[in-house]
Amino acid sequence: MSHYEGQIRVSDGARFAILASRWNPSIADALVDAARTTLHSNGIAVEAIDVIRVPGAWELPQATARVAEAGRHVALIVLGCVVRGETRHYEHVADGCAQGLMQVALQYRLPVLNGVLAVERHEDAVARAGGIHGNKGEEAALAAIEMADLWEQLA
């Protein structure tokens, strides 16, 4: 019986994309910086990391699909932050974004890592963007490296 499991290793020529919203910039920027640093510290050249910014979380699945369709990347790391407000808008945006990202992953058979925070309060986002709960940008980048390696093994 074979056992397949992704490792934190990168194939020569592998390109990664980080897609991030500009909404909640202090949080999104912290997530992007951590993801970029993590990729680079794990052997991915700066030139092999593309960063694509969009207005908000609602636009992330659309941009992710476009990037996936181009076929130039081994994994896509998607980052952003949606904070609950006083209306149902939060549910529409957070749920639609997550569902859209999963649809892209399945349609293009490509690792799409969802690092879009959906939090109750801004303080919760701070805790997950370099605070007491670590940085979800770093976690998503590590998962992207591992998934890209697994995809290569399964090819």
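As the structure is a prediction and not an experimental result, all values here were calculated from the model.

## Side note on the environment of Asp50
Argument step 1. Note on placement: Asp50 falls in strand S2 (residues 49-54).
Argument step 2. Classification of Asp50 as partly exposed rests on a relative accessible area of 25%.
Argument step 3. Separated by 14 residues in sequence, Asp50 and Arg36 place their C-alpha atoms 9.2 Å apart.
Argument step 4. The residues touching Asp50, leaving out its near neighbours within four places in the chain, are Arg15, Phe16, Ala17, Ile18 and His73.
Argument step 5. Side chain to side chain, Asp50 and Arg15 meet in a polar contact 2.8 Å long.
Argument step 6. Polar side-chain contacts of Asp50 include one of 2.7 Å to the side chain of His73.

## Quick notes on the state of the cysteines
Argument step 1. With the rule as written, the count across this model stands at zero disulfides.
Argument step 2. Here Cys81 is not disulfide-linked; the sulfur of Cys97 is the nearest cysteine sulfur, at 11 Å.
Argument step 3. With a relative accessible area of 1%, Cys97 lands in the buried category.

## Points about the sheet that holds S2
Argument step 1. In space, the four strands of this open sheet follow the order S2-S1-S3-S4, with parallel pairing throughout. The sheet is open, and its two borders are formed by S2 and strand S4 (112-119), each paired with just one other strand. Neighbouring strand axes in the sheet, compared pairwise and without regard to direction, differ in orientation by 15 degrees on average.
Argument step 2. With six bridges connecting them, strand S1 (residues 16-21) and S2 associate as parallel partners.

## Details of the packing of helix H2 (residues 60-70) against helix H3 (residues 89-108)
Argument step 1. Taken N-terminus to C-terminus, the directions of H2 and H3 make an angle of 10 degrees; their axes are 8 Å apart at the nearest point. On the basis of the axis angle, H2 is roughly parallel to H3. Handedness of the H2/H3 crossing: right-handed. Listed contacts from H3 to Leu60, Pro61, Thr64, Ala65, Ala68 and Glu69 of H2 are Gly96, Cys97, Gly100, Leu101, Val104 and Tyr108.

## Some thoughts on unusual backbone geometry
Argument step 1. Backbone geometry at Asn24 places phi at a positive 55 degrees, although glycine is not the residue there.
Argument step 2. Structurally, the position occupied by Asn24 is in the loop between S1 and helix H1 (25-41).

## What to know about the nonpolar core
Argument step 1. Phe16, Ile18, Leu39, Ile77 and Leu79 are the most contacted members of the largest nonpolar core, which totals 26 residues.
Argument step 2. Looking at this core, the elements with two or more residues in it are S1, H1, strand S3 (75-83), S4 and helix H5 (136-154).
Argument step 3. Excluding its chain neighbours within four sequence positions, the residues that come into contact with Phe16 are Val10, Leu39, Ile44, Ala48, Ile49, Asp50, His73, Val74, Ala75, Ala144, Ile145 and Ala148.

## Section: the pattern of salt bridges
Argument step 1. For the structure shown, the criterion picks out nine salt bridges.
Argument step 2. Among the ionic pairs, Arg36 bridges to Asp33, the shortest N-O distance being 3.9 Å. One end of the pair is Arg36 and the other is Asp33, both in helix H1 and three residues apart, which spans about a single turn.
Argument step 3. Residue Arg36 is classed as partly exposed on the basis of its relative accessible area, which comes to 35%.
Argument step 4. In this structure Asp33 comes out as partly exposed when scored by relative accessible area, which is 43%.
Argument step 5. One salt bridge connects Arg84 with Glu120, and the closest N-O pair in it is separated by 2.8 Å. In this pair, Arg84 sits in the loop between S3 and H3 while Glu120 sits in the loop between S4 and helix H4 (122-128), placing the two residues 36 residues apart along the sequence.

What counts as what
Note on numbering: residues in each chain are counted from 1, in written sequence order. The model is predicted, so local features are restricted to residues of pLDDT at least 70 and side-chain atom pairs to those at 80 or more, both for listing and for counting; the totals for chains, interfaces and linings are taken over all residues. Side-chain descriptors were evaluated using all non-hydrogen atoms of the structure, hydrogens and water having been removed beforehand. Here a helix means four or more residues in a row that DSSP labels H or I, a strand means two or more in a row labelled E, and each is numbered from the N terminus. Buried means the residue's accessible area, taken with a 1.4 Å probe over protein chains only, is under 20% of the maximum for its type, while exposed means over 50%, and partly exposed covers the values in between. By definition in these notes, contact holds between two residues if any of their heavy atoms fall within 4.5 Å. Definition of a polar contact: a pair of N or O atoms within 3.5 Å, with one able to donate and the other able to accept a hydrogen when the atoms are protein atoms, and with sequence-neighbouring residues admitted only if both atoms are side-chain atoms. Any two cysteine sulfur atoms lying within 2.5 Å of each other are counted as a disulfide. DSSP-based pairing: two strands are paired if at least 2 bridges between them are found. Axis definition: a line fit to C-alpha positions, over the contact stretch in the case of helices; interaxial angles, taken between N-to-C directions, run 0 to 180 degrees. Should an angle lie under 35 degrees it is considered roughly parallel, over 145 roughly antiparallel, and from 65 to 115 roughly perpendicular; all remaining angles are considered oblique. Crossings are classed by handedness, with left-handed meaning an anticlockwise turn of the near helix from the far one by less than a right angle and right-handed meaning a clockwise turn. Nonpolar cores were defined as sets of buried Ala, Val, Leu, Ile, Met, Phe, Trp, Tyr and Cys residues, with membership established by side-chain atoms within 4.5 Å. Here, a salt bridge means any Lys or Arg side-chain nitrogen found within 4 Å of an Asp or Glu carboxyl oxygen.

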